[in-house]
Amino acid sequence: MLALVGGGIDMGRSYLSESRLQQACDAGVLAARKKLGAVKPDGGVIPDDVADAGNRFFNLNFRNGAYGSESRTFTMTMDDDFSISGAASVIVPTTIMRLFGNDQVPVKV
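Residues numbered from 1 in each chain as written. Predicted model: local features only at pLDDT ≥ 70, side-chain atom pairs only at ≥ 80, totals over all residues. Heavy atoms only, no water.

Q: Looking at this structure, how should I read the overall build of the chain?
A: What the chain contains, in helices and strands, is two helices and three strands. For the chain, the α and β elements follow one another from N to C terminus as α-α-β-β-β. Rg of the C-alpha trace for the chain: 17 Å, well past the compact-globule value of 13 Å for 109 residues, more than 25% over. Across the 109 residues of the chain, 34% fall into the buried class. Nonlocal contacts in the chain, meaning residues at least 24 apart in sequence, comprise 54% of its contacts between residues at least 6 apart. The distance from the centre of the 11 positive side-chain charges to the centre of the 12 negative ones in the chain is 7 Å. (Helix = DSSP H or I, 4+ residues; strand = E, 2+ residues; numbered from the N terminus. Rg over C-alpha atoms; globule rule 2.2 N^0.38 Å. Buried < 20%, exposed > 50% of the residue type's maximum accessible area, 1.4 Å probe, protein only. Contact = heavy atoms within 4.5 Å. Lys, Arg positive; Asp, Glu negative; His and termini not counted. Charge placed at Lys NZ, Arg CZ, Asp CG, Glu CD.)

Q: So what exactly am I meant to see when it comes to the nonpolar core here?
A: One recurring pattern in soluble globular proteins is that nonpolar side chains are buried together. Among the nonpolar cores identified, the biggest contains 21 residues, and Leu 21, Ile 46, Phe 58, Phe 62, Phe 74, Met 76 and Ile 84 are the most heavily contacted of them. Ignoring anything within four residues of it in the chain, the contact list for Phe 58 reads Leu 21, Ala 24, Cys 25, Gly 28, Arg 72, Thr 73, Phe 74 and Ala 88. (Core = buried A, V, L, I, M, F, W, Y, C linked by side-chain atoms within 4.5 Å.)

Q: Would you mind showing me how to read the side chain of Ser 69 here?
A: In this fold, Ser 69 is placed in the loop between α2 (48-61) and β1 (70-78). Here Ala 66 takes part through its backbone oxygen, which lies 2.7 Å from a polar atom of the side chain of Ser 69. (Polar contact = N/O pair within 3.5 Å; in protein donor to acceptor, adjacent residues only side chain to side chain.)

Q: When you look at the packing of aromatic side chains in this model, what are you seeing that I'm missing?
A: Centre distance and the angle of the planes are the two values used to describe a pair of aromatic rings. Applying the stated criterion across every chain yields a total of two aromatic pairs. Measuring from ring centre to ring centre gives 6.1 Å for Phe 62 and Tyr 67, while their planes differ by 50 degrees; the resulting arrangement is tilted. Take Phe 62: its relative accessible area is 1%, and that puts it in the buried class. (Phe/Tyr/Trp six-rings, centres within 6.5 Å; stacked < 30°, edge-to-face > 60°.)

Q: Teacher, can you tell me more about the sheet that holds strand β2 (residues 84-93) here?
A: Either a parallel or an antiparallel arrangement is found when strands of a sheet pair, and the pairing is made through backbone hydrogen bonds. Ordered in space as β1-β2-β3, the three strands form an open sheet in which the pairing is antiparallel. Looking at which strands have only one partner, the edges of the open sheet turn out to be β1 and β3 (104-108). Adjacent strand axes in the sheet meet at a mean angle of 10 degrees when their direction is disregarded. Inspection of the sheet shows β2 paired to β3 by five bridges, in the antiparallel sense. What sits directly across from Pro 93, in β3, is Gln 104. (Pairing = 2+ DSSP bridges. Axes fitted to C-alpha atoms, helices over the stretch in contact; angles between N-to-C directions.)

Q: It is not clear to me how the environment of Asn 55 should be interpreted in this structure. Could you clarify?
A: With respect to the helices, strands and loops of the structure, Asn 55 is situated in helix α2. Remark: the alpha-carbon pair of Asn 55 and Phe 82, spanning 27 residues in sequence, is separated by 18 Å. Excluding residues that lie within four positions of it along the chain, Asn 55 makes contacts with Phe 74 and Met 76.

This is the structure in structure tokens:
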């Protein structure tokens, strides 16, 4: 019974983290693309001011340690059609499921 309740609590926090991480990733990418405007970057590299805008929006929407998460990462890449893609990940430590050998849940969007 403890495993069922613990699994529900820990997985609920993981799903919440995933949802918020996806929203933050979307916000960062959209802000970066808006900042880029109609400029065609050289060599498909995201300019520093555009990357800064995207990172700022991501950081505002998912701060370090949100929902107990650790090892937060966010990267943006420029695609061939000048769209910007983003990838983010965190590790959400478990509380009750730790008793059953599951210490963390990796979350990637």
